[in-house]
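Coordinate inspection notes
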There are 2 protein chains.
Amino acid sequence: MSDFRKSKAWSALAAHAKKLAPQHIKDLFKEDPDRSDWGTITAAGLTLDISKNRVTRQTIDLLSALATEKELAAERERMSAGDQVNGTEARAALHMALRGEGAASAAITQSGEVKARFLDYARSINSDNSSQTHKHIDRIIHIGIGGSDLGPRLVQAALGTADQIQVHFVANIDPHELNEALDGADPAATIFIVVSKSFTTQETIENAKSAKAWLEANLPAARNANKQFVAVTENTKAAASFGIIPDRIFPFGGGVGGRFSVWSSVGLTLAITLGEDAFNHFLSGAAEMDRHFLDAPLERNLPVLLALVGVWNRNFLGIGSHAVLPYSQRLALLPSYLQQLEMESNGKSVRRNGHLADVETAPTIWGAAGTTGQHAFYQWLHQGADLASCDVILPLGGPDQYQHHQDILLANGIAQAEALAFGRNRQATEAALAEEGLSEAKIARLAPHRTFQGNRPVTVISMDRLEPKTLGALIALYEHKVFTQGILWDINSFDQWGVELGKNLAGGVLKAITGDGPVEGFDPSTRRLINAARQTRTKTTRED
Amino acid sequence: MSDFRKSKAWSALAAHAKKLAPQHIKDLFKEDPDRSDWGTITAAGLTLDISKNRVTRQTIDLLSALATEKELAAERERMSAGDQVNGTEARAALHMALRGEGAASAAITQSGEVKARFLDYARSINSDNSSQTHKHIDRIIHIGIGGSDLGPRLVQAALGTADQIQVHFVANIDPHELNEALDGADPAATIFIVVSKSFTTQETIENAKSAKAWLEANLPAARNANKQFVAVTENTKAAASFGIIPDRIFPFGGGVGGRFSVWSSVGLTLAITLGEDAFNHFLSGAAEMDRHFLDAPLERNLPVLLALVGVWNRNFLGIGSHAVLPYSQRLALLPSYLQQLEMESNGKSVRRNGHLADVETAPTIWGAAGTTGQHAFYQWLHQGADLASCDVILPLGGPDQYQHHQDILLANGIAQAEALAFGRNRQATEAALAEEGLSEAKIARLAPHRTFQGNRPVTVISMDRLEPKTLGALIALYEHKVFTQGILWDINSFDQWGVELGKNLAGGVLKAITGDGPVEGFDPSTRRLINAARQTRTKTTRED
């Protein structure tokens, strides 16, 4: 057994889990009818309800003890103070500083200057002074991938409206996404915002080059394509070499990782489309969650509780699948966003000291918007062989139009949380089937197929409305959940070395495909694939 | 131990797994350099390569013996003959009949008539004769959810082009999706295709009603909104009551489940946008895969092999997470499509005879398009604490434009498959870091974080091009995989009782939210959520 599992707090939890595991959520509600009182906590406009998890007050106490054992409070301070919490890369993690929280003042000053500059630029676009042709800018093509894409894409989908400038996001190297973004674009009225921390990300640079070639081919000869390009990057030199004019280059700092960067100049697109006020509200919602995270006691702390319950489900109940279920079409991209945030941050198996982490870390994070997902994979959630834990996210107020739709949407979200947790046992199922008028023989045959075990742990996060402040708070909630789990698992949540190998290997494969490098040296399966790619390529080139 | 695990074939596999589990894919390639020869099979335009899985020829033989023990061949015949393979609902599964395969002739005749009618209608739209205003129809709003949505949505994204009629899909009850579809629509030039087998699906009917109200409010008074509605349903009577004129109602049969229905009149939208020829090619690609599935020996049978490898990973290597990784932006929706197909079909834990299936069934199915996913969750795939099995899907030829992008796309897909399977051990990592010029101390500190265990099972499915035929074959491949796994796990892949409970409970919650039913009787957590929803609702209503 590792020193990890031998620790006092971990052992106590393991012993507690043995006792608690056989209990059904239904029974926990019977034993403690007030559990939704202590299990429900509100901060920064969000209400977290953990009472439909397989935990008791004692579980929370024991988990808090684990957090104390792992010195969560001190680690939280270290992050807030701008210490190098990203050890393998010798960097701080300054996303809180970007929204004005934490003590990392140097970073604040720097980002404050940059922020003033990019907000200025956003204002200039919105006041129509910017385009060289004196035409309205009517389309933004945002080129970036991973952390330079998912945040702006999520927030735009969540808060954008039809009367704003049109935005297209281009991430994939597959040219289909760029082609779709360019389709119908007016060259003189389109700006390209190129986002890449290193300004060497292959997908982003190739897409930017192809976009520039398109613009140059389609702009009147007198125009300068470079003037319609903007860069958001740490590598300002490379952006300048690309041709971008200096006052359209907006740096973002080394202490801000891609997946924590939507608050920085990476959010420029949002500052244009949503406007400066909304963008600031988005940041202030996150700042409110920051203060709560830094100040609230562990057992009343939303991000900490979310993290603790996650660790409980993962490490003590053995649940490796976690579904994110926002009941809001506007949050349809939230599962993808959290997939990156959680899986790239904590999808690791080496501790900060380099030893193997022999406990489970981030589970599979996936999901879809409700009610759509109900007609796709909820069968599996309810009756599959595995248990999944679920986060149900409920913006209570919808658009003013179509209240009836909103009522049905909420009713489904609330009812699914109930159904997943409580289920319907064999006896209740038989009674329900009898009420349907089924014969005894039919009941006997069908009841097993129509029984629901329930006991699926469900966390509900609700808010009055999805708006800039609550969305900022929601994202910050998950950021701090991820940080907290990283501490509990003793892993560095801020590096991503796992991205390296495939990227390196792709260089050699690319050369082999294009005939600029050897096919030998690869394994036979890879070799066959390379040869197939070469053959198709020759065919295509010949036909052209 | 259950009779399941005690069976001869299952026990043999369990024993074999014990021996094979410690072996690395790298070693398997060393021991059998020809493994990619026997592991690569082509049919219906698709090439399957299973050689980067943790299997040997013996594994495939033992898995084939399991398939034989479970009488796969006979079950396949039963499905093909139109027998009631969906026992709990006493229905056949006739998706093969829809593409002209299988022996279920009665179904063929019926669907043949319907097909002629809906293709006629599609033709009439494309020849501009249909609209009552003699305007071009320039927008289709396809209203459906789950199986009435995901298939058409996937195929439209995969094969649609910008010069076709614009299509918007509306699934969610959240009115945001409908609002987006209606935004900018010309009432006189828009048709609504309403798809619901029962014509009682709440989301679909409410969306259809709201769409009709919008159309009635925006069409000139002399026009009849009903003429711009089309229904695809089994319940033709309900569609007629809704107001849809009889010759615009296209039935689809009781033996076709939603998630297997894209081949039927549910595909009407595709027949319009892609045209009749492409739609027929799509069906004929599937039919080609059907014939292969029905005729090829088990160990050379693509869907069977895909299923066997899946069972191996799931039940004998204990892998509960399966990632679908199409290297094609056009297939970005494939993970969602397969999520439904696999998880709704096989996310069950009761055998056909009503006994508990005490073996694992469908894993979590998730994923995203490459290369986008590489910058999001591949960290977890490579270095996470859990193993996931992966399907890498590679259309080799891209659009004629931007060959360089396509080369990079393929290079990444091929390289990731290599990296996931082979990894990079500690020694090779140290060598790589030394080559980067890192100091010994730094190498010692970083090497653990930059080592890749590999040994992630990867299946590669490639095709020359993504086109109607190969897409039809690809979907049919997975349909038959799902059927085969259902037989191996002894579950009914064609029912979905797990959808029932949440739906039932939502009725009571809805009444409580709108004040038409009691809040008492719910558990305290649910009650609190209902009250919060009511409060927000009152506020909203008051403000209006």
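That block above? That's the structure.
A short tour of the structure in this document, coming up.

Reading the values: the criteria
Residues numbered from 1 in each chain as written. Chains lettered and ligands numbered in written order. Predicted model: local features only at pLDDT ≥ 70, side-chain atom pairs only at ≥ 80, totals over all residues. Heavy atoms only, no water. Least-squares fit on C-alpha atoms with pLDDT ≥ 70 in both. Contact = heavy atoms within 4.5 Å. Phe/Tyr/Trp six-rings, centres within 6.5 Å; stacked < 30°, edge-to-face > 60°. Helix = DSSP H or I, 4+ residues; strand = E, 2+ residues; numbered from the N terminus. Buried < 20%, exposed > 50% of the residue type's maximum accessible area, 1.4 Å probe, protein only. Lys NZ or Arg CZ within 6 Å of the ring centre and 35° of its normal. Buried area = accessible area lost by both parts, 1.4 Å probe. Salt bridge = Lys/Arg side-chain N within 4 Å of Asp/Glu carboxyl O. Polar contact = N/O pair within 3.5 Å; in protein donor to acceptor, adjacent residues only side chain to side chain. Core = buried A, V, L, I, M, F, W, Y, C linked by side-chain atoms within 4.5 Å. Axes fitted to C-alpha atoms, helices over the stretch in contact; angles between N-to-C directions. Parallel < 35°, antiparallel > 145°, perpendicular 65-115°, else oblique. Left-handed = near helix turned anticlockwise from the far one by under 90°. Nonpolar A, V, L, I, M, F, W, Y, C, P; charged D, E, K, R; others polar. Pairing = 2+ DSSP bridges.

Relating one copy of the chain to the other requires a rotation about an axis plus a shift along that axis. For the match of chain B to chain A, the screw axis carries a shift of 0.0 Å, the RMSD comes to 0.0 Å, and the turn is 180°. Such a turn and shift between the copies fits a two-fold axis. Considering only C-alpha atoms, the part of chain B nearest the rotation axis is Trp366(B), at 3.3 Å. The residues that chain B uses at the interface reappear at the interface of chain A in 100% of cases, marking a shared surface.

For the rest of this paragraph, the subject is the packing of aromatic side chains. All names here are of chain A. Considering all chains together, one arrives at 36 aromatic pairs over all chains under this definition. Between Trp10 and Phe316, the ring centres sit 4.8 Å apart and the planes meet at 45°, which makes this aromatic pair tilted. On the criterion of sequence distance, the pair formed by Trp10 in helix H2 (residues 8-20) and Phe316 in helix H15 (residues 302-316) is long-range, its members being 306 residues apart. Residue classification places Phe316 among the buried positions, given a relative accessible area of 12%. Pairing Phe192 with Phe229 gives two aromatic rings, centres 4.9 Å apart and planes at 15°, and the pair type is stacked. With Phe192 in strand S5 (residues 190-195) and Phe229 in strand S6 (residues 229-233), this residue pair connects regions lying 37 residues apart in the sequence. With respect to burial, Phe192 and Phe229 carry one shared label: buried. Cluster of aromatic residues (ring-pair linked, three or more members): Phe192, Phe199, Trp214, Phe229 and Phe242. For the cation-ring pair, Arg76 lies above Phe293, with the distance from its terminal atom to the ring centre recorded as 5.6 Å.

Residue-level contacts link 137 residues of chain B with 138 residues of chain A. Of the roughly 11500 Å² buried between chain B and chain A on both sides combined, carbon and sulfur atoms contribute 59%. When residues of chain B are sorted by the area they lose upon contact with chain A, His375(B), Gln379(B) and His405(B) head the list and together hold 6% of the total. Viewed at the interface, chain A and chain B are joined by 10 salt bridges. For Arg424(B), the salt bridge goes to Glu500(A), with nearest N and O atoms at 3.5 Å. At the junction of chain B with chain A, the criterion picks out 50 residue pairs in polar contact (both at pLDDT 80 or more).

A few words on the nonpolar core. Most often, soluble globular proteins have nonpolar side chains that are buried together. By size, the foremost hydrophobic cluster in this structure holds 293 residues, and its most contacted members are Leu381(A), Leu474(A), Leu381(B) and Leu474(B). Those residues in contact with Leu381(B), other than ones at most four positions away along the chain, are Ala323(B), Leu325(B), Trp366(B), Ala388(B), Cys390(B), Leu420(B) and Arg456(B).

On to the packing of helix H16 (residues 334-346) of chain A against helix H21 (residues 468-489) of chain A. Residue and element names in this part refer to chain A. Where H16 meets H21, the axes come as close as 10 Å, and the angle between the chain directions of the two elements is 25°. In terms of orientation, H16 and H21 fall into the roughly parallel class. The hand of the H16/H21 crossing is right-handed. Side by side, H16 and H21 meet where Leu334, Tyr337, Leu338, Leu341, Glu342, Ser345 and Asn346 of the first sit next to Leu474, Ile475, Tyr478, Glu479, Lys481, Val482, Gln485, Gly486 and Trp489 of the second. Of the residues that constitute the contact of H16 with H21, the class distribution is nine nonpolar, four polar and three charged.

Right, let's get into the side chain of Ser36(A). Tracing the chain through its elements places Ser36(A) in helix H4 (residues 35-38). With near-sequence residues (within four places) excluded, Ser36(A) lies in contact with Ser51(A), Pro524(B) and Ser525(B).

Our focus in this paragraph is the packing of helix H18 (residues 403-422) of chain A against helix H11 (residues 202-218) of chain B. The interhelical angle for the contact between H18(A) and H11(B), taken along N-to-C directions, is 170°, at an axis separation of 11 Å. It follows from the interaxial angle that H18(A) and H11(B) lie roughly antiparallel. Of the residues in H11(B), those in contact with His404(A), His405(A), Ile408(A) and Asn412(A) of H18(A) are Gln202(B), Glu206(B), Asn207(B) and Ser210(B). A breakdown of the residues in the contact of H18(A) with H11(B) according to their chemical character gives one nonpolar, six polar and one charged.

The omega angle of the peptide bond from Gly370(A) to Thr371(A) is 0°, so this bond is cis rather than trans. For Thr371(A), the position within the fold is in the loop between strand S9 (364-367) and helix H17 (378-383). Notably, Asn455(A) is not glycine yet its phi reads approximately 65°, a positive angle. Summarising the element assignment, Asn455(A) is placed in the loop between helix H20 (440-446) and strand S11 (458-465). Backbone geometry at Glu71(B) places phi at a positive 60°, although glycine is not the residue there.

Next up on the list: the sheet that holds strand S4 (residues 166-170) of chain B. Residue and element names in this part refer to chain B. What the five strands build is an open sheet, ordered S4-S3-S5-S6-S7; its pairing is parallel. A single partner strand is all that each edge strand has here, and the edge strands are S4 and strand S7 (249-251). Strand-to-strand twist across the sheet, computed as the mean angle between neighbouring axes with direction ignored, equals 15°. The pairing of strand S3 (residues 139-143) with S4 spans five bridges and is classified as parallel. Bridge pairing in S4 places Ile140 opposite Val167. Of the strands in this sheet, S3 and S4 are in contact with helix H9 (residues 150-159), which crosses S4 at around 150°. In the packing of H11 onto the sheet, contacts are made with S3, S4, strand S5 (190-195) and strand S6 (229-233), and the angle to S5 comes to roughly 160°.

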